[in-house]
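# Analysis of the macromolecular model
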Amino acid sequence: MKKVRLYFKKENGEIMLESTLIMIFTLIILITMISVGFLFYQQAMVNTIAADMASDIAVAYKITNQEDSENSLTSNALNDIQLYRTSVSIASMKALHKQNVESELPERVKLSTLGVADKDPVLESFEVVVDNVGRMHIEITISMECDILFDGALKYFGIIDSTPKFTACARAECLDITAYASHVQFLDYVSRKIEKEMSNGNKVITSIMGIFNDVDSIAELLLGTSDEEEE
Amino acid sequence: MKFFTKRKKHKYINGTKGIISIFLCLIMTPILTLASALIEFSRYQNTETIFQEVMDCSSLSTLANYDAYLQKRFGLFAISQECNIGETYKNSISENSNVMEGMTIGESVSAEGILPLSDTDVLKRQILDFSESTVLTEVILEDLQLGELIKQLDKLMAIEGLLKVLVDTNTMNQKIKKMVKTGEELVEFLEQLIIKIQSLQGKVNEALSLIADLYAKLIEDEFTIDTTSEESEKKSYEYLVSNYLDDIKKIHEKEEEVNDAVEVVTQELVHIPDKIVQLNNDFTEAQKAIEKVLDDIDAMSGEEKTSSTGETKDATVQLYEELLNEITNVLEDVTEDLSDTIIATFAAAIDEHLEQIERGLGLDGSKRWNAGYYDLPLSDSAKDTLEKLLSELSVAKEISNDDETNRHDAIVSMLKEKYVPDAFYWSISDIKTDVNDIIEQAKVSFLGGLKESLGNLLTNLINVITSLFDLDVFYDGKLNAYLNEETLATLAYDSGNNNPYVSLLEALASIISAVQSFNEAIENWNFFAVLDGVTNLYNALESTVRAIVELANGTIRKINQLVTYVTTEDWEAFGELLLMSGYLVHNLPNRTLVGDNDIEIDTSLAIKTKLKGETLTGFSYSEIVTPQKVVSGGVTGETDDSEESNQSATSAILELVAFLDFLGDTQTGGTDQMFRGAELEYILAGTPSELMNQVVVFFEIYFLRLLIDLVPIFTDISVAKMAAAATIASWVVYLLEVFAEPLCDTILLVNGSENVYFVKKSCYLTAKGIPVLVNDLSEVLINNKTVRQSAVNKVNAALTGKFDKYTDATATFTKGILKMDYATHCMLLLMFTTTEENMLGRMANIVQLETNYYYEQKESQQSFDIAKAYTGLSATVDVEFDSFIKIFQSNSQSALIKKQFSRTNTY
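Residues numbered from 1 in each chain as written. Chains lettered and ligands numbered in written order. Predicted model: local features only at pLDDT ≥ 70, side-chain atom pairs only at ≥ 80, totals over all residues. Heavy atoms only, no water.

## Topic: the overall build of chain B
The helix and strand tally for chain B stands at 29 helices and seven strands. For chain B, contacts bridging at least 24 residues in sequence account for 82% of all contacts bridging at least 6. Accessible surface for chain B amounts to roughly 40,500 Å². Of this, 52% is attributable to carbon and sulfur atoms. (Helix = DSSP H or I, 4+ residues; strand = E, 2+ residues; numbered from the N terminus. Contact = heavy atoms within 4.5 Å. Areas by Shrake-Rupley, 256 points an atom, 1.4 Å probe, with all protein chains shown as cover.)

## Some points on helix α4 (residues 90-112) of chain A
Over its 23 residues, α4 of chain A extends 32 Å from the first C-alpha to the last, a length consistent with the 33 Å expected when each residue adds 1.5 Å. Three or more residues of α4 of chain A are buried, namely Ile90, Met93, His97, Val101, Leu105, Pro106, Arg108, Val109 and Ser112 of chain A. At its buried positions, α4 of chain A is contacted by α2 (14-59), β1 (122-132) and β2 (135-145) of chain A together with α2 (19-63) of chain B. (Expected span 1.5 Å × (residues − 1). Buried < 20%, exposed > 50% of the residue type's maximum accessible area, 1.4 Å probe, protein only.)

## Brief notes about the environment of Thr833 of chain B
Secondary-structure assignment places Thr833 of chain B in helix α28 (residues 822-833). Sequence separation of Thr833 of chain B and Leu562 of chain B is 271 residues, and the distance between their C-alpha atoms is 9.6 Å.

## Section: the nonpolar core
If you look at the biggest cluster of nonpolar residues, it comprises 150 residues, and the most contacted ones within it are Phe74, Leu117, Tyr583, Leu799 and Met843 of chain B. Sort the elements by how many residues they give to this core and helix α25 (residues 730-750) of chain B lands first, with 14 residues. In this view, Met843 of chain B contacts Phe74, Leu123, Ile127, Tyr583, Leu584, Leu588 and Ile683 of chain B; residues no more than four positions away in its chain are not counted. Counting residues in hydrophobic clusters, the runner-up holds 40 residues, among them Ile57, Tyr61, Val109 and Ile160 of chain A. (Core = buried A, V, L, I, M, F, W, Y, C linked by side-chain atoms within 4.5 Å.)

## Some thoughts on the packing of aromatic side chains
All names here are of chain B. Inspection of every chain in the model, using the stated rule, returns 13 aromatic pairs over all chains. Judged by centre distance (5.0 Å) and plane angle (50 degrees), the rings of Phe51 and Phe901 are tilted. Taken together, the residues span a long stretch of sequence, with Phe51 in helix α2 and Phe901 in strand β7 (residues 897-906) at a distance of 850 residues. Phe901 matches Phe51 in its accessibility class, with the two residues each being buried. Considering the side-chain rings of Tyr69 and Phe619, the 5.9 Å spacing of their centres and the 85 degrees angle between planes classify their relative orientation as edge-to-face. (Phe/Tyr/Trp six-rings, centres within 6.5 Å; stacked < 30°, edge-to-face > 60°.)

## Things to note about the confidence of the model for chain B
Residues and elements named next belong to chain B. Overall, the predicted model of chain B reaches an average pLDDT of 73, with 63% of residues at or above 70. Ranking the elements of chain B by mean pLDDT puts helix α6 (residues 146-156) last with 52 and helix α3 (residues 68-74) first with 93. Residue range residues 360-374 is modelled with pLDDT below 50. Its contacts to residues more than four positions away, or to other chains, number 34 contacts. Below a pLDDT of 50 lies the segment residues 630-635, which in the model reaches 16 contacts outside its immediate sequence neighbourhood of four places, other chains included. Listed scores for the predicted complex are pTM 0.69 and ipTM 0.79. (pLDDT = per-residue confidence, 0-100.)

## Details of helix α26 (residues 769-781) of chain B
For α26 of chain B, built from 13 residues, the straight-helix expectation of 18 Å at 1.5 Å per residue is met to within 8% by its first-to-last C-alpha distance of 18 Å. When we look at burial in α26 of chain B, the residues that qualify are Gly769, Ile770, Leu773, Val774, Asp776, Leu777, Val780 and Leu781 of chain B.

## Some thoughts on the interface of chain A and chain B
On the side of chain B, 57 residues touch chain A, which itself brings 55 residues to the contact. The interface formed by chain A and chain B holds three salt bridges in total. A salt bridge links Arg192 of chain A to Glu614 of chain B; its shortest N-O distance comes to 3.1 Å. At the boundary of chain A and chain B, one finds 14 residue pairs in polar contact (both at pLDDT 80 or more). Listing elements by their share of the side of chain A that touches chain B, those giving two or more residues are α2, α3 (75-79), α6 (177-199) and α7 (204-223) of chain A. (Salt bridge = Lys/Arg side-chain N within 4 Å of Asp/Glu carboxyl O. Polar contact = N/O pair within 3.5 Å; in protein donor to acceptor, adjacent residues only side chain to side chain.)

And the structure:
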């Protein structure tokens, strides 16, 4: 009995025992922190990429085939600028920009990701939202699924259920000075025109109807008559 | 060393105090290092994003210093040249970067302008951006009523039909020329035949004369044939042959000549039927060619005619058919006369003549002279021949007894009377007379018909053209700038210096000249001169067509491009071309905007022309700044009001050609160095001379109208009526109409008339159209001081009442489709003839000239260089980031992260 009491009173191995206990808890906490850090980093990275891409498109909205928007503008890029890009050609501009984003996104992610992904990042949505005449903004949502360091621990503790998916949405106002100026100029032109018409007698309605009739006849010529369509 | 004894060393190593700290350090160090690295990485990415936005903000701040004049005048954006791009950007980014803590911007901040307006791609984009709404609306609302225009252009795509007409007309010309040539050859052949017949007639007379001489000698020698015995008779013949052998030989030789002449005439006669058949064939081919051309014209304009006036088509075709029938009748009459009358009579006379000759000389085929005839003893046949020859000797003797002095002639008369029938002489002279008569008859029917039908039509038409050319409206003398070498050196784009219309002008002059010669030949009843006139007209027409083809070759690429846009339905490219052309037309002044008042001279001695109108940006043309410097001693191009011109159209054109040559050669001239009033003309023509540019555009519009007016000319019943009145010279009337009608349109257009229709339905130069033309001309010319009043009066006199006799009661002057003014015609020319490179390059030159003069006039006296009118900005900045934890930095002076950022921004 005395021997047993003496055994328990000995302090040999105390440090080993304590350190083992502390190490276990410390490592668990640290690993969790590292994993959460990676998690936040990846999220920040996706946010940054979304913001970068939205900004790059918005600042040179008119350029749809610029290979390196940061360094130079080629004559090809100028020649491919579309007309009516802030009005009737918005859909076409959107399609071209979306195509560019989809092709650039994987490359852009590779530059800064610290995760391991089996799949390419996905462009969830790409919208060109018209705010006013000649003014628009870009809205991009991207997502990516990737494994990060120690994500198994996060799963073990129930912090995440499966492979983490990072989603980010970014917006940027489109900048197209010449197109916007063209709209402003057009409004100025129309107001002067109306003023002139008013001074010559009220022919405004006639003029406006004339425009509609002409546009209608052009559309009819280019697209065919409604009868042809029915056929 | 004593301290570290073995015991102590053992105790230190086996000690456990502080072991937990060591453990923690070992574990925390890599973990904290990793966490810090992640934080720095994240910071870097955020900073990069934010700094790019900072750069964009700075670039936009710099771009905000745009050139206000360029924007207001041309609607173009470029960084003002009063702004130092590098400094402005540096200041801006320095201020903006303050928002970021821990970031240092290095010394290396650079920003430079890119994409200057002198780059035609840049200029094009800015023009298109400006134009996409404003110009399109203007074009639809004011200019084209585009939908209707495209429909009309679709109809004009029947241009293939027009080309077919031209090709078939050329074939028709060749056929008619061939027919005329065959006719001329036949006439020449007949004339040669008459000469040969006359030669034959002369030889017969000589032969008879020789026989008469022999008779005379025999009578004088009292020669008789002793027929008492056979022997004595033989001796008499031997005596005759031996003593008169030379005379007999002469008769024989002459008879051989007669035979040869007869042979020649006979051989020529054989060719006559072939030549007549050839003439008939040529006529038939020409007739088919004419009918083909008429069918082509009918097919080309059939839809238009039937859709508008159903009766018109029938009436026109009927008129053409009448014309053809008339030509057919004339030619058939001539060929019939030649075949039935001349040839039959001539052939009969020749046959009879030959028989008589042979009979008269005793040469009836089997008893022809032969070598044995001269030898003795005589052969029986020779004896028989001599016997026949002498059978008339008694008759001759009786004649000689009556009158010895005229014995020879009397014997010849007797022989002629006996052996050569009157028909022989009568028929030859009759043939000659008949041929002459037919030629004369052809002349009379051809020329008389022409003269009667034409009346003064050709003269009147030529007078109209003369008076139109005499108006001197090819250019406005007030707009006479000329860019010297010094000014041209400041321009980025070499726009060239040539006038392709000189060759066309010369060709037109030759046509007018040929028509005048043709008309004079008709007036003077000169048949062959008329034929020459026809040939000259075709040659002139051929050279005109060549000139037009050469002209078209110069712009064929552009036209092909335009056609490709339409055929491939590349409406985007077509739209861009339309917008660019519309932009230029509505933002640059042209000659029709020059005010009624001639000029105003301001205090700085700069010459100003008052301009009406404004750009689409609302900038008044009269505000365009005038150059301060005035070049003296240049070509003014002003018309002398006192000069009373009375020259012909040909000389007026040639004078214009000489003036253009002079303008092209001279290196000085003009009152100023800027195209203030005729900028649009510069875009189209591109020469350094404002006068030359106006003339070139005048003829470009004329050329365009010439093509467009072909349809109304060939479909207008009134023109057909006039042409029908001219019978076989109808094509000359059409020719004059083709060249004169577009001249009327062009003169109206360049003087600012708004009454000219793009697609006309009626022509001015008809009885119904002339009052309308006089009215339209009066509207635009009477108040125009650049045109002499006397010249206007002359036009009115040439027009009024001269064509009344060709009035058709059913015809009316109907308006056309799409009223188009001068500017809109220029827009079409830009689309059809001017290359994009020329359009944009010349526009850049205009921007350079105008803006430079604007800044020169400002107090700052700053110049403007379009090559420095940047529309974008390229910036590069070196940035250093401080690290979040300084421990990673080797020392406090150098940052952990250095990065160079580059951004490009444009308007």
